[in-house]
Amino acid sequence: ILARRLVLPIITIPLLLGWGRVVGGEIGWFDDDFGTALRTLLEIALFLGFLWWSAKSIARHAAAAEEANEALRISEDRFARFMRSLPGLAWIKDLDGRYVFANESAQRAFQRGSDELYGYTDAEFLPAETAAEFMTNDLLALAEPSGLQTIETLRHEDGALHSAIVSKFPIPGRNGRGAFVGG
């Protein structure tokens, strides 16, 4: 932004002031020494003005970025507290089926900590049939704006098969289309 904003003044100010010095000298307003000194002082003053203006602009952008970062931190903290308090399983996967988030209940059910879950797909730690069912439902959920509700079965840490009603839904990205699937 600064380069685009300053390139024109950096080129035009010396040219205009140099032209003004030559014209002023030719019509007798001042001699060469005074014209050179005046041009130098005007260049310094104008460039200091542009520097001050740029610094104010950077400060405004920095303040806005800091506000946005603080709002993001508060939102992420609120999300994390909510997810810790949620007794049900909750997770988010990217479009390749890799886990990017799972609450503590989901980590217990999958018998994996976040370091053993994040970045991995269902196929890497679940039985093939279970993984295929989960991935099929993920794709169906991504295809529907409102997602889907289905019944999925998972063997929990107690060894028993547990069936649950699962809601899966697309989480839109910047382009408005599903960038993640949540459940």
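Our subject is the structure listed above.
This text gives an overview of the structure that appears in the document. (Residues numbered from 1 in each chain as written. Predicted model: local features only at pLDDT ≥ 70, side-chain atom pairs only at ≥ 80, totals over all residues. Heavy atoms only, no water.)

## A look at the pairing of strand β4 (residues 161-172)
The pairing of strand β3 (residues 148-155) with β4 spans 8 bridges and is antiparallel. Paired with Leu154 across the strands is His162, a residue of β4. Relative to strand β5 (residues 178-182), β4 runs antiparallel, the two being bridged by 4 bridges. Bridging across to β5, Pro172 finds its partner in Gly178. Where β4 folds back onto β5 in an antiparallel hairpin, the turn is made up of 5 residues, including Gly176, whose phi is positive at roughly 90°. (Pairing = 2+ DSSP bridges. Helix = DSSP H or I, 4+ residues; strand = E, 2+ residues; numbered from the N terminus.)

## Focus: the sheet that holds β5
Across a sheet, strands are paired by hydrogen bonds formed along the backbone, either parallel or antiparallel in direction. Taken together, the 5 strands give an open sheet; going across it, the order is β2-β1-β5-β4-β3, and neighbouring strands pair in antiparallel fashion. Strands with a single pairing partner mark the edges of an open sheet, and in this sheet they are β2 (99-102) and β3. Adjacent strand axes in the sheet meet at a mean angle of 25°, parallel and antiparallel pairs treated alike. With 3 bridges connecting them, strand β1 (residues 91-94) and β2 associate as antiparallel partners. Looking at β2, one finds that Ile92 is bridged to Phe101. Packing against the sheet, helix α5 (residues 128-143) makes contact with β1, β3, β4 and β5, and its axis sits at approximately 165° to β3. (Axes fitted to C-alpha atoms, helices over the stretch in contact; angles between N-to-C directions. Contact = heavy atoms within 4.5 Å.)

## Some points on the nonpolar core
The biggest cluster of nonpolar side chains holds 13 residues, and the ones touching the most others in it are Tyr99, Phe110, Leu117, Phe125, Leu126 and Leu154. Listing elements by their share of this core, those giving two or more residues are β2, α3 (104-110) and α5. Residue contributions to this core peak at 3 residues, all from α3. Apart from residues lying up to four places away in sequence, Phe125 is in contact with Tyr99, Phe110, Arg112 and Leu117. (Core = buried A, V, L, I, M, F, W, Y, C linked by side-chain atoms within 4.5 Å. Buried < 20%, exposed > 50% of the residue type's maximum accessible area, 1.4 Å probe, protein only.)

## Quick notes on the pattern of salt bridges
Counting across every chain of the model gives 10 salt bridges. Across the salt bridge formed by Asp96 and Arg98, the nearest N and O atoms sit 3.3 Å from each other. Relative accessible area serves as the criterion here: at 33%, Arg98 is assigned to the partly exposed category. The network of salt bridges with shared partners includes Lys93, Asp122, Asp138, Glu152 and Lys168. (Salt bridge = Lys/Arg side-chain N within 4 Å of Asp/Glu carboxyl O.)

## A short note on the environment of Leu140
Positionally, Leu140 belongs in helix α5. Assessed through its relative accessible area of 48%, Leu140 is described here as partly exposed. C-alpha of Leu140 to C-alpha of Phe169: the two residues are 29 residues apart in sequence and 9.0 Å apart in space.

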